[in-house]
Every structure is written in structure tokens, then in C-alpha cells.
Amino acid sequence: MSSPVIQSALQQMQILASQAAGAPGPSLQAAGAAPGSFAGELQAAIHRVNQLQQTASAKSDAFQAGEPGVALNDVMVDMQKASVAFQMGVQVRNRLVSAYKEVMSMQV
């Protein structure tokens, strides 16, 4: 797996996460990693997936508690957003692991 393929997958993941969060563009980098670095991008993507899951969980809890203004369709949409983001994260992880294994099996 080449670097442009990995970069493309990360960009797609960022775009989908920002669309799911309702943000107009990619969010700021997570603290602790250099902006634009692979580690920074990966950390930011994981953070966005975590935020989506926390938002869905909070909305689900609010709906179960019977809070006014929380509709079932909103809960289901947020849960689906979190699920899709998590599944994409798992697929990116699987591709990174397979790329790592391929690089490690190369003869030098």
C-alpha cells in the first residue's frame, strides 16, 4: 500500500467525520502531535470518531431519560453516524496493519 493511498483514505475519513459532525471543514489537530504529520492526522481522526460516539451516547441517554426536545430520529441518526465513522476507522486500521505486514515482509 503506497503513501498516497493512505493519505487519500485519511482525507476521506476526515471529510466524512467533519460532515457527520456538521462542521464546515476539517477540525483542528489534536494536542500532542505535530500538525500535518501522520500521527497528528491519525490522532485527530480517532478523536473525531470518539466525539461522535460520545455525542450519540449522550443523546441516547437523554432520550431514555425522557428529556424534552430529544426525538428518536435524532438519536438514531447520531448513532448511525457514530457507527459509520467507527467502521471506517476499523477499515483504515486494517489497511494500515496489512500495509505494515507487507512492508515488514519485503526482502532488503
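Please refer to the structure higher up on the page.
The present account deals with the structure reproduced in this document. Every value quoted in this text rests on a predicted model; they were computed, and no experiment measured them. (Residues numbered from 1 in each chain as written. Predicted model: local features only at pLDDT ≥ 70, side-chain atom pairs only at ≥ 80, totals over all residues. Heavy atoms only, no water.)

So, the overall build of the protein chain
- Looking only at helices and strands, the protein chain has three helices and zero strands in total.
- Nonlocal contacts in the protein chain, meaning residues at least 24 apart in sequence, comprise 51% of its contacts between residues at least 6 apart.
- In the form shown here, the protein chain has an accessible surface area of approximately 7300 Å², with 61% of it arising from carbon and sulfur atoms. (Helix = DSSP H or I, 4+ residues; strand = E, 2+ residues; numbered from the N terminus. Contact = heavy atoms within 4.5 Å. Areas by Shrake-Rupley, 256 points an atom, 1.4 Å probe, with all protein chains shown as cover.)

Some thoughts on the packing of helix α2 (residues 38-64) against helix α3 (residues 72-104)
- In contact at an axis separation of 9 Å, α2 and α3 are set at 155 degrees when each is read in the N-to-C sense. Overall, the two elements α2 and α3 adopt an arrangement that is roughly antiparallel. Seen along the crossing, α2 lies across α3 with a hand that is left-handed. Across the interface between the two elements, Phe38, Leu42, Val49, Leu52, Gln53, Thr55, Ala56, Lys59, Ser60 and Phe63 of α2 pack against Leu72, Asp74, Val75, Asp78, Met79, Lys81, Ala82, Ala85, Phe86 and Leu96 of α3.
- Split by residue class, the contact of α2 with α3 holds 13 nonpolar, three polar and four charged. (Axes fitted to C-alpha atoms, helices over the stretch in contact; angles between N-to-C directions. Parallel < 35°, antiparallel > 145°, perpendicular 65-115°, else oblique. Left-handed = near helix turned anticlockwise from the far one by under 90°. Nonpolar A, V, L, I, M, F, W, Y, C, P; charged D, E, K, R; others polar.)

Observations regarding the layout of surface pockets
- The computed volume of the largest pocket comes to approximately 190 Å³.
- Taken together, Met13, Leu42, Ile46, Val49, Asn50, Gln53, Ala85, Phe86, Gly89, Val90, Val92 and Arg93 make up the lining of the largest pocket.
- With six residues, α3 is the largest single contributor of residues to the lining of the largest pocket.
- Partitioning the lining of the largest pocket into residue classes produces eight nonpolar, three polar and one charged. (1 Å grid on protein atoms, 1.4 Å probe; cavity = no way out; pocket = protein on both sides within 12 Å on 5 of 7 lines; lining within 4 Å. Points joined across faces, edges and corners; volume = space filled by probe spheres on them.)

Section: a nonpolar patch on the surface
- A cluster of nonpolar side chains, contributed by Phe63, Leu72, Met76 and Met79, occupies part of the molecular surface with about 360 Å² of accessible area.
- Counting residues per element, the nonpolar patch draws most heavily on α3, at three residues.
- Tracing the chain through its elements places leucine 72 in helix α3. (Patch = residues over 30% accessible without salt bridge, like charges linked within 9 Å, V, L, I, M, F, W, Y side chains within 5 Å. Salt bridge = Lys/Arg side-chain N within 4 Å of Asp/Glu carboxyl O.)

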